[in-house]
Amino acid sequence: LIIMIATPLSARAGLTFNFSPVVTAGLPSDATFTYQGVALSAKGKLSFGFGALMGPRFSSFWGIETGVIYQQRNYTETGEFAGFPISLDVSAPALHLPLGLRIYLGSFLSLQAGAFYESSSESESSSNYGVQGGVRFSLPLTQRLALFAEARHNRGMKDQGGFKVSDVGFALAGITLSK
């Protein structure tokens with residue numbers, strides 16, 4: 001879940017600016033990879049974070065959205081080394097930087113598509129980039145305020161030493177404000 005304060009989905013034309021403080025919960029994702037000759041599986045766990053999204057809305061139909069999201073990623077790595085089972089709980093902070101185009105399909109629905117860059121302190125080379133997409137449902141309360149829920153999917157594209165962190169999902173919910 002990512003709980004945010006962002007733009008309302010009113011059908012107003014003209015330039016408006018949106019700012020969105022964010023609280024996040026990432027959905028678990030799984031991966032298999034080889035690290036220093038050892039086959040490992042990573043089982044994702046629910047993770048939390050916070051941040052801010054912002055951007056201009058150029059018309060009633062489209063706008064741009066960017067921001068910064070800090071997230072504490074949690075997962076368990078399991079495998080076998082020299083005949084002995086391995087199990088390790090890992091918690092790695094990550095900084096997520098999205099940039100996307102938002103298309104508004106009326107007051108209640110919008111689509112988001114774009115790219116992201118992510119850096120993690122898990123290791124010196126733990127960064128990722130890729131594409132993302134999302135669907136937001138909004139309930140306008142006033143001309144400048146709305147409640148919303150959004151589902152986002154990130155598709156990582158960087159090879160990280162023999163494996164890709166390729167699929168990460170976010171669920172978002174919050175309040176949208178615009179100026």
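It should be noted that the structure appears before, not after, this text.
Anyway, here's the lowdown on the structure attached to this text. Being a predicted model, the structure only gives us computed values, none of them experimental.

### Section: the pattern of salt bridges
- Summed over the entire model, instances satisfying the criterion amount to six salt bridges.
- Ionic pairing is found between Arg136 and Glu150, a salt bridge with its closest N-O pair at 2.7 Å. Here Arg136 is found in strand β8 (residues 127-140), whereas its partner Glu150 is found in strand β9 (residues 145-156), with 14 residues between them in sequence. Just as Arg136 is buried, Glu150 falls in that class too.
- Among the ionic pairs, Glu150 bridges to Arg152, the shortest N-O distance being 2.9 Å.
- The class for Glu150 is buried, based on a relative accessible area of 4%.
- Among the residues examined, Arg152 registers a relative accessible area of 5% and is labelled buried.
- A network of salt bridges, in which partner residues are shared, links Glu65, Arg102, Arg136, Glu150 and Arg152.

### A few points about the packing of aromatic side chains
- On inspection of all chains with the given rule, the structure shows two aromatic pairs.
- Ring centres of Phe58 and Trp62 lie 4.6 Å apart, and the angle between their planes is 35°; on these two criteria the pair is classed as tilted.
- Its end group placed over the ring of Tyr104, Arg57 keeps NZ or CZ at 3.6 Å from the ring centre.
- The lysine or arginine in question, Arg136, covers the ring of Phe148, its NZ or CZ lying 4.1 Å from the ring centre.

About the cut-offs
Residues numbered from 1 in each chain as written. Predicted model: local features only at pLDDT ≥ 70, side-chain atom pairs only at ≥ 80, totals over all residues. Heavy atoms only, no water. Salt bridge = Lys/Arg side-chain N within 4 Å of Asp/Glu carboxyl O. Helix = DSSP H or I, 4+ residues; strand = E, 2+ residues; numbered from the N terminus. Buried < 20%, exposed > 50% of the residue type's maximum accessible area, 1.4 Å probe, protein only. Phe/Tyr/Trp six-rings, centres within 6.5 Å; stacked < 30°, edge-to-face > 60°. Lys NZ or Arg CZ within 6 Å of the ring centre and 35° of its normal.

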